[in-house]
Amino acid sequence: MMDTAPRSPPPPLAQDPRLGVAATPMAFICAIADAYRLRGLSPAKALTLAHIAPQQLQQEEACVTALQLELMSAAAMQELDDEALGWFSRRLPWGSYGMLCRASLGAADLGLAIRRWCRHHRLLTEDVSMRLETADGRATLSLHRTAEPPGLSAGMREFCSLALLRYLLGYACWAVDSRIVLQGAGLPFSPPAHAGVYPLLFSCPVRFDQACAWVSFDADYLALPLRRDSRALDLMLKRALPLTVLQYRRDRLLVQRVREALRAQTADLGSQGLTAEAIASRLNLSSRTLHRQLREEGASLQQLKDEVRFAIAAELLTRSRRPVKQIALAAGFNNEKSFSRAFRSWSGKSPLAYRDGSG
């Protein structure tokens, strides 16, 4: 078990700017080319569609864009008629993962949808098994390889672990219309030369040399209801691969996560910990992204800050006999006067009147 320090991203290739920013390792393109090799076929057509010259495959530490990876993957999956790209002992014909999406769409919540996906994936192949487990408020999705076809390259093993986790995570985010913020990720191989890209792919600490591939996240996401119907699924499947590469924007648990961060910051640092910069840093976001995502959820940082401060103060006033000055500090105020003024605006009463009234 080993944590890796972030490495500098590999150098980009000279690109047509219309293809986007090059930050995806060429090694992933090489892994797709290996799928052609296993079948005794040439990847030339797919490389042309992805605007990649065959000789560029030798530049394994270079980068391509997310769009180029999408174009290469889609072309290879259809040309080889294998959405698993050679990872398993049998092909997964074009449309296999779309079938998994349809089988999971009728679930009442995300937890049931993921469990259905894991169960139905075994109908496609027994070479891997996927599991969802929960403990102590944490959900862990794991991928276990039980068999593999001969000739599978190290790059194909790596790309398989990454892609299968990203397939399910991308679909899950889309199904509940929410980003799923990962708490950690693990991969069953040693750090590759492009290890520095993995924290960007998962947006969380990543461990290598694990017993299996896994990701973990707040189990509260599992209770989110699915928000998509079959018509939306039809539209999504016309271009599904970006969901496996790009981070989903909105986070339907963000308001809850901000409240928890505000309470923790107040306890640790008082009023100094309640700035937008401090809260955003605790949530691994930029201040701008924090404000934007809160607006999308119909909330604001100031509103949530007031809610948390009032909850802390009200609890201390009703459940303790601590002086108002101490309660003001515990609620993140620098002085009793500003606290009393704010508390009256929240409750319509002074702190002492609120304490007497609650008794």
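Thresholds applied
Starting from 1, residues in each chain are numbered consecutively following that chain's sequence as written. Whole-chain, interface and lining totals are the exception, using all residues; otherwise, since this is a predicted model, local features are given only for residues with pLDDT of at least 70 and side-chain atom pairs are given and counted only at 80 or more. Excluded from the side-chain calculations are hydrogens and water; all other atoms, namely the structure's heavy atoms, are used. Here a helix means four or more residues in a row that DSSP labels H or I, a strand means two or more in a row labelled E, and each is numbered from the N terminus. We call a set of buried Ala, Val, Leu, Ile, Met, Phe, Trp, Tyr and Cys residues a nonpolar core when their side-chain atoms join them within 4.5 Å. Throughout, exposure labels follow a simple rule: accessible area from a 1.4 Å probe, protein chains only, divided by the maximum for the residue type, with under 20% read as buried, over 50% as exposed, and the rest as partly exposed. Residue contacts are counted whenever heavy atoms from the two residues lie within 4.5 Å of one another. For helices, the fitted line uses only the C-alpha atoms of the stretch in contact; every axis is such a line through C-alpha atoms, and the angle between N-to-C directions lies from 0 to 180 degrees. Each angle gets one of four labels, with under 35 degrees taken as roughly parallel, over 145 as roughly antiparallel, 65 to 115 as roughly perpendicular, and the rest as oblique. Crossing handedness is read from the near helix: turned anticlockwise from the far helix by less than a right angle, it gives a left-handed crossing, and turned clockwise, a right-handed one. In this classification, Asp, Glu, Lys and Arg are treated as charged, Ala, Val, Leu, Ile, Met, Phe, Trp, Tyr, Cys and Pro as nonpolar, and every other residue, Gly included, as polar.

Q: What is the right way to look at unusual backbone geometry in this model?
A: Where the residue is not glycine, phi is negative for most of them; where a peptide bond is considered, it is trans in most cases. Its identity as a non-glycine residue notwithstanding, Asp177 has a phi of 55°, on the positive side. Along the polypeptide, Asp177 turns up in the loop between α6 (154–176) and β6 (182–186). Positive phi outside glycine occurs at Asp209, with the angle close to 60°. Summarising the element assignment, Asp209 is placed in the loop between β7 (206–208) and β8 (213–218).

Q: Would you mind going over the nonpolar core with me for this structure?
A: Residues Trp87, Tyr198 and Phe202 are the most contacted members of the largest nonpolar core, which totals 88 residues. Sequence-distant contacts of Trp87, defined by excluding residues within four places in its chain, comprise Arg145, Pro149, Leu152, Met156, Phe159, Cys160, Ala163, Leu164 and Tyr167. Core analysis: the next-biggest nonpolar cluster, separate from the first, contains 29 residues, Ala261, Ala280, Leu283 and Leu294 among them.

Q: Quick question: what am I supposed to make of the packing of helix α4 (residues 96–105) against helix α8 (residues 230–237) here?
A: The axes of two packed helices give the description: the angle between them and the distance between them. Put simply, α4 and α8 touch, their axes get as near as 11 Å, and they point 160° apart. By the criterion of interaxial angle, the relationship of α4 to α8 is roughly antiparallel. Relative to α8, α4 is oriented so that their crossing is right-handed. Here α4 contributes Gly98, Cys101, Arg102 and Leu105 to the contact with α8, which in turn contributes Ser230, Leu233, Asp234, Met236 and Leu237. The residue inventory of the contact of α4 with α8, partitioned by class, reads five nonpolar, two polar and two charged.

Remember, this is a structural readout, not a statement about activity or role.
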